[in-house]
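# Residue-level structure breakdown
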Amino acid sequence: MVDAALIKQLKHKVEEELRQRELALLEFWLQELKKIEAKRHRDLAGLQSDLKGFITRVETRLRTLRGGRS
């Protein structure tokens, strides 16, 4: 039989690890968006192009994480 305190400790450890990974992920994508913003695009078309590139990167990453399924 597994100790309830051990289960609670392991659960807390896993939740903290997931929180840290999510934090790192959000910080990464926020920096990527800030790079797009910092470009100071001369026209809407340039901004749209950069945003489409960003969206493509996110979609590609999602497909990879899902194991190639769309």
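The structure presented is a predicted model; accordingly, all values stated were derived computationally and were not measured.

Our focus in this paragraph is helix H2 (residues 44-65). Taking 1.5 Å per residue as the helical rise, H2 with its 22 residues ought to reach 32 Å, and the 31 Å between its terminal C-alpha atoms agrees with that figure. Count one or two residues on from H2 and you reach Gly67, which has phi positive near 85 degrees.

A word on helix H1 (residues 4-38). In this model H1 runs 51 Å from its N-terminal to its C-terminal C-alpha over 35 residues, within 8% of the 51 Å that 1.5 Å per residue would give. Here H1 has its buried residues at Trp29, Glu32 and Ile36. On the buried face of H1, the contacting elements are H2. Arg40 lies just past H1 and shows a positive phi near 55 degrees.

For the rest of this paragraph, the subject is the packing of aromatic side chains. Tallying each qualifying case throughout the model produces 2 aromatic pairs. Plain terms: the ring middles of Phe28 and Trp29 are 4.8 Å apart, the flat faces sit at 80 degrees to each other, and that makes the pair edge-to-face. The class of Trp29 is buried, set by a relative accessible area of 18%. Considering the side-chain rings of Trp29 and Phe54, the 5.5 Å spacing of their centres and the 85 degrees angle between planes classify their relative orientation as edge-to-face. Here Trp29, found in helix H1, pairs with Phe54, found in helix H2; they are 25 residues apart in sequence, far enough to count as distant.

Time to look at the packing of H1 against H2. H2 packs onto H1 with a crossing angle of 160 degrees between their chain directions and a minimal axis gap of 10 Å. In terms of orientation, H1 lies roughly antiparallel with respect to H2. The crossing of H1 and H2 is right-handed. Of H2, the residues touching H1 (which contributes Phe28, Trp29, Glu32, Leu33 and Ile36) are Leu47, Asp50, Leu51, Phe54, Arg57, Val58 and Arg61. Residues of the contact of H1 with H2, tallied by class, amount to 8 nonpolar, no polar and 4 charged.

With 10 residues separating them along the chain, Trp29 and Arg19 place their C-alpha atoms 16 Å apart. Trp29 has contacts with Phe54, Arg57, Val58 and Arg61, leaving out every residue within four places of it along the chain.

Considering only enclosed or pocket space, the largest pocket measures out at about 230 Å³ in volume. In this structure, the largest pocket is lined by Arg21, Leu25, Trp29, Val58, Arg61, Leu62 and Leu65. Elements with a minimum of two residues in the lining of the largest pocket: H1 and H2. The biggest single contributor to the lining of the largest pocket is H2, with 4 residues. Classifying every residue of the lining of the largest pocket gives 5 nonpolar, no polar and 2 charged.

What counts as what
Residues numbered from 1 in each chain as written. Predicted model: local features only at pLDDT ≥ 70, side-chain atom pairs only at ≥ 80, totals over all residues. Heavy atoms only, no water. Helix = DSSP H or I, 4+ residues; strand = E, 2+ residues; numbered from the N terminus. Expected span 1.5 Å × (residues − 1). Buried < 20%, exposed > 50% of the residue type's maximum accessible area, 1.4 Å probe, protein only. Contact = heavy atoms within 4.5 Å. Phe/Tyr/Trp six-rings, centres within 6.5 Å; stacked < 30°, edge-to-face > 60°. Axes fitted to C-alpha atoms, helices over the stretch in contact; angles between N-to-C directions. Parallel < 35°, antiparallel > 145°, perpendicular 65-115°, else oblique. Left-handed = near helix turned anticlockwise from the far one by under 90°. Nonpolar A, V, L, I, M, F, W, Y, C, P; charged D, E, K, R; others polar. 1 Å grid on protein atoms, 1.4 Å probe; cavity = no way out; pocket = protein on both sides within 12 Å on 5 of 7 lines; lining within 4 Å. Points joined across faces, edges and corners; volume = space filled by probe spheres on them.

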